[in-house]
Amino acid sequence: GKRKRLSTSVMYDSDESEDSDILVRKVSAKRRCIIDDDESSEKQPPDKTCPTENVSTNRKQEVLAKLKELARKSAARRSCSSANCEDSNSEAEIEEEPLCQLPLTPSEGSETDSGSMKDFIVDSDDDDDDDDDNDNTEHVKSENQPHQKQPNPSNSKLLAQYIPQLSRCDHYVHFKRIVKAFLINAIDDTFLSSLYDGTRQKKYAQDMLLSLHYLDDRFIQPRLENLICRSRWKDRYKERVDCYPDVRISLKNTKNMSCQACEMKRCCKFNVLLSGRLYNSKTLEVDDFMSDDKQVLKVGVVCANRTRVYHNLKHFKYKLYMGCSSVAELDGVEDEPVKDTVERLFSHLEESGWIQERYNDLEDYMEDADNFQEEK
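Below, the structure is looked at part by part. (Residues numbered from 1 in each chain as written. Predicted model: local features only at pLDDT ≥ 70, side-chain atom pairs only at ≥ 80, totals over all residues. Heavy atoms only, no water.)

For the rest of this paragraph, the subject is unusual backbone geometry. At Glu 263, a position not held by glycine, the phi torsion is positive, near 60°. Relative to the assigned elements, Glu 263 resides in the loop between β4 (246-258) and β5 (265-275). (Helix = DSSP H or I, 4+ residues; strand = E, 2+ residues; numbered from the N terminus.)

This part takes up helix α12 (residues 338-352). In this model α12 runs 21 Å from its N-terminal to its C-terminal C-alpha over 15 residues, within 8% of the 21 Å that 1.5 Å per residue would give. Taken together, the buried positions of α12 are Thr 341, Val 342, Leu 345, Phe 346 and Leu 349. Down the axis of α12, the sector holding all buried residues measures 125°, keeping them to one side. Turned more than 90 degrees away from the buried face of α12 sit Lys 339 and Glu 351, all of them exposed. Looking one or two residues beyond α12, the residue adopting positive phi is Gly 353, at roughly 85°. (Expected span 1.5 Å × (residues − 1). Buried < 20%, exposed > 50% of the residue type's maximum accessible area, 1.4 Å probe, protein only. Arc of directions from axis to C-beta.)

Here we take up the packing of helix α11 (residues 316-331) against α12. Taken N-terminus to C-terminus, the directions of α11 and α12 make an angle of 115°; their axes are 11 Å apart at the nearest point. In the packing of α11 onto α12, the handedness of the crossing is right-handed. Contacts from Val 327, Ala 328 and Asp 331 in α11 reach Thr 341, Arg 344, Leu 345 and Leu 349 in α12. Its residues assigned to classes, the contact of α11 with α12 comprises four nonpolar, one polar and two charged. (Axes fitted to C-alpha atoms, helices over the stretch in contact; angles between N-to-C directions. Left-handed = near helix turned anticlockwise from the far one by under 90°. Contact = heavy atoms within 4.5 Å. Nonpolar A, V, L, I, M, F, W, Y, C, P; charged D, E, K, R; others polar.)

Written out as structure tokens, the structure is:
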């Protein structure tokens, strides 16, 4: 709020007689002098502190000059900080927003400056001065407008790297990058491992790594966690489903027993057959240890359905890679640069609709997971 000064002085005569009991009160407010005692006003000299209209106009001009000076100093500090300290771009933008977006008027000072603008606020006596204030406001606003900063493009890159959902890249574009990365790894089996260990730093490789993280962190892993936290599965059963990339669920004879997934008493009529070789979830390298091992488990209907949905998502990336490897193995073209082979195979898969079909499968698996969570 605006600060108003009210100075009141009350003087009593030391003599207590009725003739000498004279009360004089002076009130200074709104630049007017008020003296209650008419007799003493004749003898009292005129108050030199009461400003005239010219003094009021000069004071207002001084205030506007100080406002402009503060605006120029603020602009100079901003230009200096943007040139020398790139790390403080975000803070500078926060400080500049009120100055750029709001008109800088004599009654509204910029609170971002170190000096308090309250000391420069003046009470307006007449409504006619509003027109002059508006003109001066437009002039000050036009001085500050050129200093408005444009968004820093480096911030968008950081957002795309650390918050993938804010990236402008379409989901299907991410998916096609993953297919191309799998085709390269099918020819050069060290490609994925070199992506994850940071050996490859070129832009195309970093884009592929970003897309792989996008698939895991945004599409698959959150749904797997929700499926598990809403279930009564035991850790041992989950580990078995995670380790075996192949599953076959078949209807068998009904048996009242403890479900081997949740260990609850259930009417179990499904057999879950788990098989396949263990593999690395990132590099997709296969471990041949106990490659022929199989597990058969008896489960109830709810756990059987949850196993199907969970397994489809958990091992989707591996199945996609195995499909790309099969295409590369059946190609049979030799003595061709890896880049040319990958581009040719990728174009063939895209034109035939194979990539789109695999992407549709992924969307179906994610929808099944979402709907299963809603049922639970």
